[in-house]
Amino acid sequence: MSYEIRRRIWAVLLILGFFLTWEALCIALNVSDLVLPRPSQVMATLVARFPVLWPHIVQTVYTTMIGFALGVAVGVAIGACIGVSRTAYDTVYPLLIGFSSIPKVAVVPIFVLWFGAGTVPAVLTALAMCFFPIVVNIATGLATTEPELEDVLKALGASKLDILWNVGLPRTMPFFFASLKIAVTFAFVGTVLAETVASNRGIGNVMMSASSNFDVPLVFAGLFILATLGVLLYVLFSLVEHRVAGWATRRTDVAATA
């Protein structure tokens, strides 16, 4: 059996062990459903109410993906400007740090005041949550491009745009995909945060309504859905990263022999 297969089997067994331990402790300690429902109860609730939950799942995914796509576009544009311009770095970077330090729960009411309750505040909150990691990683990737390589290309007659397009951006691919895997989870956080405050649809709204009705298994079912969506998107970006920037990924056979 190869190292890769053994590693995946161990990962699955550890995950199953976590949920089995959770189930056993809840039974052994007689934990109330209002405090911590068992995984079996959460799954039963999820299966029983899935037809009702499905439109809310679609709404959350739709909102998150729009906010995430806009966050990627904004993050790449700002990160590229910061990475290639020292003036932009000195001007824009402090403003971005200040904005990222603001709790986004304080920004949601402003979005609601401007655009009303609904999808738009959730999209903007997802964008505000996810674009900063992309900016930092793109700027870092461009800033760490070898100056010797830039000098050689300039000597060959390449313009700054040619260097950015042919060297700088490919050089940032490992940083870019690393930021995507972080940013997509932040986008879900932003969407759910806005849905709990200013929306009548989405998983966040379902969880808020369930908590007000003391339906804790449904709250955990919503958490399970969000975790599953996050893992699926993380795996998707990992596969794309392996195809696009596999040259920067550590080989598993090397790790196995270490």
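Cut-offs applied
Residues numbered from 1 in each chain as written. Predicted model: local features only at pLDDT ≥ 70, side-chain atom pairs only at ≥ 80, totals over all residues. Heavy atoms only, no water. UniProt positions renumbered as here; feature names shortened; annotations may be inferred. Helix = DSSP H or I, 4+ residues; strand = E, 2+ residues; numbered from the N terminus. Buried < 20%, exposed > 50% of the residue type's maximum accessible area, 1.4 Å probe, protein only. Contact = heavy atoms within 4.5 Å. Axes fitted to C-alpha atoms, helices over the stretch in contact; angles between N-to-C directions. Parallel < 35°, antiparallel > 145°, perpendicular 65-115°, else oblique. Nonpolar A, V, L, I, M, F, W, Y, C, P; charged D, E, K, R; others polar.

Looking up the protein in an unreviewed UniProt entry gives the name NitT/TauT family transport system permease protein, with the organism given as Aureimonas altamirensis DSM 21988. According to the UniProt record, the Subcellular location (unreviewed entry) comment for the protein reads "Cell membrane". Of the protein, the UniProt comment under Sequence similarities (unreviewed entry) reads exactly: "Belongs to the binding-protein-dependent transport system permease family."

Novice: Sorry if this is basic, but what is going on with the environment of I225 here?
Specialist: In this structure, I225 sits in helix α11 (residues 216-244). Owing to a relative accessible area of 7%, I225 belongs among the buried residues under this scheme. Once you skip the residues sitting within four places of it in the chain, I225 turns out to touch L46, L53, I57 and I203.

Novice: Which parts of the structure should I look at to understand the UniProt feature "transmembrane region" (unreviewed entry) in the protein?
Specialist: Mapped onto the present numbering, the UniProt feature "transmembrane region" (unreviewed entry) falls at residues 52-80, 92-116, 122-144, 175-198 and 218-240. Here residues 122-144 runs as 96% helix and 0% strand, with 34 Å between its end C-alpha atoms. Note that residues 218-240 is 100% helix and 0% strand, and that its end C-alpha atoms are spaced 33 Å apart.

Novice: Before we go on, may I ask you to explain the side chain of K181 in this structure?
Specialist: Take K181: it is sitting in helix α9 (residues 173-198). The buried category is assigned to K181, whose relative accessible area is 14%. Look past the residues within four positions of K181 in its chain and what remains in contact with it is Y234, F237, S238 and E241.

Novice: So what exactly am I meant to see when it comes to the packing of helix α3 (residues 50-84) against helix α4 (residues 86-100) here?
Specialist: For any two helices packed against each other, the geometry is given by the interaxial angle and the distance between the axes. Across the interface, α3 lies against α4 with an axial gap of 6 Å and an inter-helix angle of 130°. Here α4 runs oblique to α3, going by the angle between their axes. Contacts between α3 and α4 involve I78, C81, I82 and V84 on the former and, on the latter, R86, A88, Y89, V92, Y93 and L96. The residue makeup of the contact of α3 with α4, split by class, is 9 nonpolar, no polar and 1 charged.

Novice: Help me understand the packing of helix α2 (residues 39-48) against α3 in this model?
Specialist: Running from amino to carboxyl end, α2 crosses α3 at an angle of 80°, the nearest separation of the two axes being 6 Å. Taken together, the axes of α2 and α3 lie roughly perpendicular to each other. Residue-level contacts link L46, V47 and A48 of α2 to F50, P51 and L53 of α3. For the contact of α2 with α3, a count of residues per class yields 6 nonpolar, no polar and no charged.

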